[in-house]
Amino acid sequence: MDTFSTDITDLPEATPPAVLELADGDELQLRPGPVAKRLGDTTVRMLGYNGSIPGPTLRVRQGSEVVVHVTNHTDLDTTVHWHGLRLENRFDGVPHETQAPIPPGGEFTYRIQFPDPGLYWYHPHIREDVTQELGLYGSILVDPTEPDYWPPAHRDVVLTLDDLLLEDGAIAPFSRTETNYAAMGRYGNLMLTGGETDPTFTAHTGEVIRLWLTNTANSRVFRVTVPEARLKLVGGDSGRMEHEEFVPDVVLAPSERAVVDVLFERAGAFALEHRTPNRTYRLAAITVTSEVAEPPLTEQFAVLRTAPELVAERARLETWLAAPPDKVLAIVAEMDDPGAATATGPVTYACPMHPEVVSDEPRRCPKCGMKLMATTPPVTYACPMHPEVVSDEPGRCPKCGMKLMATAPTGASASHDMGHGAATPETSAAGHSAAHAHAHHHGSATADGIEWEDEMAEMNRATTTATMRWKLLDRTAGRDGLPVDWRFTAGQQVKIRLVNEMDSDHPMHHPFHIHGAGRFLVLARDGAPEPNLVWKDTVLIPTGQTVDILLDVTNPGLWMAHCHIAEHMHSGMMFSFTVDRAATP
Ligand SMILES: [Cu+2]
């Protein structure tokens, strides 16, 4: 495999991000380039903007505009995408569509605008699977012009949530020529919170800390909590929630944001945690001292406010819920089975996620809907002299030095305990509710239609954009699954139905992202109206689910929409659509 440099010689050590407060018209130099990053007892070559991981946090005023001069110090082409910002199309950072790629040593100047308050971020839009994983991401905090837009808090803490895949102290290799881990996306085994492994924060008793969280992982969904503290969800992707809400935790898919106020009512040791159904990861330690925070905010923390601009949107919700969708977009996977093509002898088919599911014929897993993959019967090697010496691999007998010989399969692994008749998932084009009910039969690692872990890491590593094809198909009446070809006009509101189909070689969750053509509201999930509205640019569509969104189209240009699992985007899960300028009256 042709891989990227891992050399750390003479590289500057990665620093923590600076916070840059920028006024309207300010100019900024942004330099993506290699850094040496210390991770526990190993040091690896990563990438940073201006030498830091994450890149500098930009703090700006709503309605302002800043100029960003980017110089590419990395060894591969790049662009900068300003995620979630409704800006001018030519500064959206999409290679070959809105700009030419910035080559190594090249420059490009962006003029970025901040029409909406809230939390946004920036990252490359070329080989995101590599460069974002290696550290190219940074947060943008847009302060509202409206006073009291947010409830009072003592302090802002801006944190990216990420994971990194290490193998024997090195970052698992990337191919220069193709994206690997295309099936599930690259799940890491080391959590990075604000670029650090298990950082420590301190707080005062009674302090309200506002956490500004962005999931910058390639594929992992985070469920974040602070046990024994009180959490209040106040904002999402683009601004505040319709209703502030006390929550036990918040779920963030790749590229989603959450704004969470945390109240520490007593002194002691706390932790920011990521909790899956099976596992708890500590993301940060928080020490709360007995010193009391001033001014007291506990009473105001108890107040749950509502946002009038979103209450107004809810008043129109009934109409939108009743309306037929203007567009229907289906998510489907096609997965090659190299084992089936090369197998010579008898083949059995097994689920990569559920190895106990085995079949004589190609079909789908009744537990998760995934395509069963061909496996040749297992071969073991045994010593002809010492039959008790067995190995999975060819080798020599430690007792006598004789070459171990392949032995016939025992057949024990081919236990057809699932019963062939029950093997086909009860899905059909019309039977979507059955498909969704089916999704709840998943193992706990895939509870709620979310793949919390990579349960098929070996196979996932081997999948590439050549063998794994993620598709977005237009299922709008009359389109019959053709590629997407959308054209809207600024000022339009479009109801889009996103269907994560179970009749697919690899049913999985997808965070669906729409670039700055507009912003959207989630209207309903599987027909159930969304209980708490917020403007969004990314929505998590769990396995088998149907999500209706209302896209408020505002900005003309050629805009992308794609899955924000980096490897899925590079495997075809993307398209672009045109927004025409509204006719002038
Ligand atoms: Cu995806």
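That block above? That's the structure.
Counting restarts for each chain: residues are numbered from 1 in the order of the written sequence. With pLDDT at 70 or above as the cut-off, local features in this predicted model cover only qualifying residues; side-chain atom pairs require 80 or more to be listed or tallied, and sums for whole chains, interfaces and linings still use all residues. Each side-chain value is worked out from all heavy atoms of the structure, with water and hydrogens disregarded.

Peer 1: Give me the overall build of the protein chain: which residues, what numbers.
Peer 2: A tally of helices and strands in the protein chain yields eight helices and 41 strands. The contact definition used throughout considers only heavy atoms, calling two residues in contact when any of these lie within 4.5 Å. Residue pairs at least 24 apart in sequence account for 75% of intrachain contacts in the protein chain once pairs closer than 6 positions are excluded. Note on areas: Shrake-Rupley, 1.4 Å probe, and residue coverage restricted to the protein chains presented here. Per element, the accessible surface of the protein chain, about 23,200 Å² overall, is 53% carbon and sulfur. Numbering of helices and strands starts at the N terminus; helices are DSSP runs of H or I of at least 4 residues and strands are runs of E of at least 2.

Peer 1: Which residues make up the environment of Ile102, and what are the values?
Peer 2: Relative to the elements of secondary structure, Ile102 occurs in the loop between strand 7 (81–83) and strand 8 (107–113). Taking the C-alpha atoms as reference points, Ile102 and Val80, 22 residues apart in sequence, are found 9.2 Å from one another. The contact partners of Ile102, leaving out residues within four places of it in the chain, are Val70, Asn72, Leu76, Asp77, Thr78, Thr79, Glu107, Phe108 and Tyr110.

Peer 1: How would you explain unusual backbone geometry if you had to name every residue and give the values?
Peer 2: Cis rather than trans, the peptide bond between Ile53 and Pro54 has omega equal to -10 degrees. Along the chain, Pro54 falls in the loop between strand 4 (42–49) and strand 5 (57–61). A cis amide bond links Glu294 with the next residue in sequence, Pro295, at an omega value of -15 degrees. Residue position: Pro295 is located in the loop between strand 23 (280–292) and helix 2 (298–301). Of note in this structure, Ser255 is not a glycine but carries a positive phi near 80 degrees. Structurally, Ser255 is set in the loop between strand 20 (250–252) and strand 21 (257–263).

Peer 1: Describe the nonpolar core, naming the residues involved and giving the relevant values.
Peer 2: What is meant by a nonpolar core is a set of buried Ala, Val, Leu, Ile, Met, Phe, Trp, Tyr and Cys residues, joined one to another through side-chain atoms within 4.5 Å. Each residue gets one of three labels from its accessible area relative to the maximum for its type: buried under 20%, exposed over 50%, partly exposed in between, using a 1.4 Å probe on protein chains only. Formed by 91 residues in total, the largest nonpolar core has its most connected members in Trp82, Ile140, Phe512 and Phe577. If we skip the residues at most four places from it in the chain, Trp82 touches Leu30, Leu58, Val68, Leu87, Phe91, Asp92, Tyr110, Ile112, Trp121, Tyr122 and Ile140. With 31 residues, the next largest nonpolar core counts Ala203, Val250, Ala284 and Val534 among its residues.

Peer 1: Account for the sheet that holds strand 2 (residues 27–30), naming residues and giving values.
Peer 2: If you walk across this open sheet you meet the three strands as 2-6-8, and the pairing is mixed. Both edges of this open sheet fall to strand 2 and strand 8, since each of them pairs with a single strand only. Pairwise comparison of adjacent strand axes, ignoring direction, gives a mean angle of 25 degrees for this sheet. Strand pairing follows a simple DSSP-based rule, namely that at least 2 bridges must link the two strands. In this structure, strand 2 lies alongside strand 6 (residues 65–71), joined through four bridges in parallel fashion. Bridged to Leu30 within strand 6 is Val70. For helices, the fitted line uses only the C-alpha atoms of the stretch in contact; every axis is such a line through C-alpha atoms, and the angle between N-to-C directions lies from 0 to 180 degrees.

Peer 1: Please provide a residue-by-residue account of the packing of aromatic side chains, values included.
Peer 2: We call Phe, Tyr and Trp rings a pair once their centres come within 6.5 Å, taking the six-membered ring for Trp, and we label the pair stacked below 30 degrees between planes, edge-to-face above 60, and tilted otherwise. Taken as a whole, this structure holds 13 aromatic pairs when the rule is applied. Aromatic pair Phe264 and Phe270: ring centres 5.2 Å apart, planes at 75 degrees, arrangement edge-to-face. In this pair, the class of Phe264 matches that of Phe270, namely buried. Working rule: Lys NZ or Arg CZ, within 6 Å of ring centre, within 35 degrees of ring normal, means a charge sits over the ring. The ring of Phe174 has Arg186 sitting right over it, with the charged end atom 3.7 Å from the ring centre. Across from the ring centre of Tyr149, 4.1 Å away, lies the NZ or CZ of Arg240, which sits over that ring.

Peer 1: Got a sec to walk through the pairing of strand 41 (residues 574–580)? Specific residues and values, please.
Peer 2: Covered by surrounding structure in strand 41 are Phe575, Phe577 and Val579 only, the residues Met574, Ser576, Thr578 and Asp580 on the alternate face being uncovered. The sheet contact formed by strand 33 (residues 487–489) and strand 41 spans three bridges and is parallel. Counted as the bridge partner of Arg487 is Thr578 from strand 41.

Peer 1: I'd like to hear about the sheet that holds strand 14 (residues 190–193), residue by residue, with values.
Peer 2: Spatially, 14-11-16-21-18-19 is the arrangement adopted by the six strands of the open sheet, whose pairing is mixed. The sheet is open, and its two borders are formed by strand 14 and strand 19 (239–246), each paired with just one other strand. Here the average twist between neighbouring strands, direction ignored, is 25 degrees.

Peer 1: Give me the lowdown on the environment of Glu265, citing residues and values where you can.
Peer 2: Considering the arrangement of structural elements, one finds Glu265 in the loop between strand 21 and strand 22 (268–275). Residue classification places Glu265 among the partly exposed positions, given a relative accessible area of 44%. Measuring from C-alpha to C-alpha, the distance between Glu265 and Val288 comes to 9.0 Å, with 23 residues separating the pair along the chain. Residues contacting Glu265, with those up to four places away along its chain left out, are Thr205, Gly206 and Arg230.

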